Every structure is written in C-alpha cells, then in structure tokens.
Amino acid sequence: MDRVILHCDCNSFFASVELLAHPELREVPVAVGHDDNSRHGIILAKNEAAKKFGIVTAETVWQARRKCPALILLPPHHDRYREYSKKLNEIYGRYTDLVEPFGIDESWLDVTGSLHLFAQSGAELADVIRATVKKELGLTISVGVSYNKIYAKLGSDYKKPDATTVITRENCREIVYPLRATAMIFVGRAAEQQLRSMGICTLGELASADEARLTQVFGKMGQQLRRYAAGEDESPVAPQHEPEQVKSIGNGITFKRDLVTPADLRTGTGYLADEVAARLRAKGLKCTAVQVMIKDTALKSISRQKTLPRETDLASEITEAAVQLVRANWPAGKPIRALTVTAERLVTGPVPCQMGLFAEQETAPPDPRREKLERTMDALRQRYGQTAVAAGSLLGNDLGLEDFHKKD
C-alpha cells in the first residue's frame, strides 16, 4: 500500500504573521524587511498584494520600492515566527507523530498509519488541517498530498494560497511532468542551466533522461534527481524529535563597503572564520573542507571549496584556507560586496590520513598555543559577551564588522 504523505506550507509566512497585528493592511502591498537605508535591506517576505507587483523574496528594498512605490514595509519579528512555527507543528502533531519540519514554515507529515482516525482520504485530512490552522492561528496553508515527500512538496507549491493538491500515480504525468525543472527541490538556477544544456527543461524530460548521462554531469545527485522527478523517492518522514545532524556551519555578511585590498580580504575573512570556528568548537565538531561564496557589486556570485590537509576547528586555519580560495578564484582588486565562509564535511574526531613519502609532505600538527588561545577567547565571550574580545584587525575597521558583532 502506498504511503500518504502531506506537505504543509504556510502561505507568505512572515508577512502573514505580521498582518495578524495589522489586519487593516491585508489588502494593500506589504513586505517584511529592514529599511535601514543601507545595502543590507532585503525583502524577507511579501503578501499576495505585493506579489502582484512582481516583488520577490531576497531582492533589495530599493528594487521592491521601484516596482511598488506604495509598498508598506514592516520590520521582522523572528521570535514571533518561531512561536507560530511551533504552534503549527503542534497542530500537525495531533494527526501523526511523524512530523518533519523543513524550514520554519514547512513540514512533511506521514499520516499512513493514523489517517483512518481522522478522515477517509489524504485530501480530506488536508482540508481538515487547513481549516484548523485558519481557525486557531489565523494563518493559511497550502497542502500537497502524495505517496512520497518530493511529490507532496510539489503539490503544496502547485496551487496557492489556501489550497489542497493531490498528486497520485495516476495523475502525476498530467500535473508534475509539464512543470519546469526548477519546480523541484534541489534544482536551483545553476542546475537548471546545466539541465537546459542537456535539452532537459521539464520534470517529465528529467524523469525520462538517461541516468548515466546525468551522473556524468551531476555525480550521484544526477541519479537521484531523475528518480525524484519520476516519483521514485522513498525517503522516510523523520520525526521532529530526532536531532538533525549538522552538515555545515557558515557565516556570511554584506560589508558596509566593498572589500578591495588584500588587507580588506583578510580582515573580512578573519571575522567570518572566527565565528564559524567558535560555533564548531561549541558543538564539538571539526571541518575537513572550507567553502567560500563571493558576491560582486552586480549581485553575481561564485562558490568554491577546498579540502583541508586535516580536520580543524581553528579560526586561523579556516581563515587561511578561505583567503587562499578567494585569491585563487577571484581577480585581485575586484570589489567583493558580500562573502560567506562555510565549514564543510564535519567530523567529531580525528580523520585518518595517508602519510607522505617524505617528511615535508606530512601534515603539520595543530599549534597547541593557538588552540589554547581560541578556547580562552570562547570562555571570555561566554562570560562577558560576544564583543568582549576580538582580533586586533577588527578595531577601527570601516567594513561595519563591529556593528555586526553588536547585533549578535
């Protein structure tokens, strides 16, 4: 028997929560974001009225205001979003103990074993949950119903707001196959471009594509993408009480001014790596690879990664790896608007490595003095606050890094 999986997606979540306190604004264009007259102001969410003007999430506030001069901007309240996210999942938990949150405003529910207690079909239960959420929280959700997680999510995206869409083995070719490849989770802009170069534009074309060819381009993920598109996903819904394994730890910011000089690069990278390393140590983890994402003044970005000679949780070593990546992949002197440093391939203990044939090829051990210094900094910050101690290069900088520390 097929599973019955629901994917519940709250419509315009941040904006909807904010409008609970401003019901008079429901019919006018509203967005959530910071309007601080700086380059950090971006749209975090928008309501249906704002969507009609073409306003999209993650664009800058000034771009949104050009599209809609009458746009009303409300400041975000992340504590409220967490509170309502918890309330949503508590409602979902009344119908099954298999609830897997996917971000703050989406969750998968496996109701295969409990459906008979509440409804005659997955679609009927989806309608019951939608009505319950609207009545108790004043929010609307869209629900996808299917026999696997991927198709259930496609269903919740298929029709919005406040709708139920059922995708079965019988109608999937009609509903899923005509959709653009980017409609499916894990297919971003870069993957779409690669698929287009292969003549694959829709999910139907992806479902019937040659796996060997996809694997050549995407590695193991190529095989997975075809199976997702074809409805062959069998991944389970993981209960929310199961701790999620941390796969990476990153930190990124848009600088008050562009990074241009080598000193700028090292200062900005060092700041980011310092926080990443502290978070690694707090979780008892080390990384074996470092990734940087660089964004220029035209908002175009690149991402590069390198494997480390050994695992580390030291800011100095993460900084050095990140700086090397930027220098190797970014023209010297070309302005950097934003930068993200991410620790990847995390481990909890030492990783075996092959010794070199010559002494100079062997990996140098970590510097115990540096380890002691960074752990001492952790202790001082934990006791006296994040701004209690910082690298000397951050003092007096004009990149806005001190302001970021104050926001932590």
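Note: the structure precedes this text.
All of the points below concern the structure found in this document. (Residues numbered from 1 in each chain as written. Predicted model: local features only at pLDDT ≥ 70, side-chain atom pairs only at ≥ 80, totals over all residues. Heavy atoms only, no water.)

1. What to know about the sheet that holds strand S2 (residues 30–33)
Judged by pairing direction, the sheet is mixed, and its three strands sit side by side in the order S3-S2-S4 without closing on themselves. With partners counted over all chains shown, the strands left at the sheet margins are strand S3 (43–46) and strand S4 (72–74), one partner each. If you compare each strand with its neighbour and ignore which way they point, the axes differ by 35° on average. By the bridge criterion, three bridges tie S2 to S3 in an arrangement that is antiparallel. Paired with Ala31 across the two strands is Lys46, which belongs to S3. (Pairing = 2+ DSSP bridges. Helix = DSSP H or I, 4+ residues; strand = E, 2+ residues; numbered from the N terminus. Axes fitted to C-alpha atoms, helices over the stretch in contact; angles between N-to-C directions.)

2. Some remarks on the pattern of salt bridges
Close approach of charged atoms lets side chains of opposite charge pair. What the rule picks out here adds up to 24 salt bridges. Here Arg94 and Glu136 are joined by a salt bridge, their closest N and O atoms 2.8 Å apart. In this pair, Arg94 sits in the loop between helix H4 (78–92) and strand S5 (99–101) while Glu136 sits in helix H5 (residues 122–137), placing the two residues 42 residues apart along the sequence. On the basis of relative accessible area, Arg94 is assigned to the partly exposed category, the value being 44%. (Salt bridge = Lys/Arg side-chain N within 4 Å of Asp/Glu carboxyl O. Buried < 20%, exposed > 50% of the residue type's maximum accessible area, 1.4 Å probe, protein only.)

3. Some thoughts on the packing of helix H10 (residues 211–218) against helix H11 (residues 220–229)
Between H10 and H11, whose axes approach to 6 Å, the crossing angle comes to 130°. Classified by the angle their axes make, H10 and H11 are oblique. Read as a crossing pair, H10 and H11 show a hand that is right-handed. Here Glu211, Leu214, Thr215 and Phe218 of H10 come into contact with H11, specifically with Lys220, Met221, Gly222, Gln223, Leu225, Arg226 and Arg227. Taken together, the residues that form the contact of H10 with H11 break down as four nonpolar, three polar and four charged. (Parallel < 35°, antiparallel > 145°, perpendicular 65-115°, else oblique. Left-handed = near helix turned anticlockwise from the far one by under 90°. Contact = heavy atoms within 4.5 Å. Nonpolar A, V, L, I, M, F, W, Y, C, P; charged D, E, K, R; others polar.)

4. A few points about the side chain of Thr96
The residue Thr96 is located in the loop between H4 and S5 in this model. Residue Thr96 is classed as buried on the basis of its relative accessible area, which comes to 8%. There is a polar contact of 3.0 Å between the side chain of Thr96 and the backbone nitrogen of Leu98. Here the side chain of Thr96 touches Asp110 through a polar contact of 2.7 Å, landing on its backbone oxygen. Among residues more than four places away in sequence, those in contact with Thr96 are Leu109, Asp110, Val111 and Ser114. (Polar contact = N/O pair within 3.5 Å; in protein donor to acceptor, adjacent residues only side chain to side chain.)

5. Some thoughts on the side chain of Asn148
Examined against the element boundaries, Asn148 turns out to sit in the loop between strand S7 (141–146) and helix H6 (149–158). Looking at Asn148, its side chain comes within polar contact range of the main-chain oxygen of Gly231, at 3.2 Å.

6. Focus: the sheet that holds strand S11 (residues 301–312)
Across the sheet, four strands lie side by side as S9-S12-S10-S11; this open sheet has antiparallel pairing. If you trace the sheet from one side to the other, it starts and ends with strand S9 (248–259) and S11, each paired once. Direction aside, neighbouring strands of the sheet carry axes that sit 15° apart on average. Across nine bridges, the pairing between strand S10 (residues 286–295) and strand S12 (residues 336–347) is antiparallel.

7. Observations concerning helix H1 (residues 13–20)
By the criterion of burial, H1 is predominantly enclosed, with seven of the eight residues buried. By the burial criterion, the buried members of H1 are Phe13, Phe14, Ala15, Ser16, Val17, Glu18 and Leu19. Those residues of H1 that are buried are in contact with strand S1 (5–10), S2, S3, S4 and H4.

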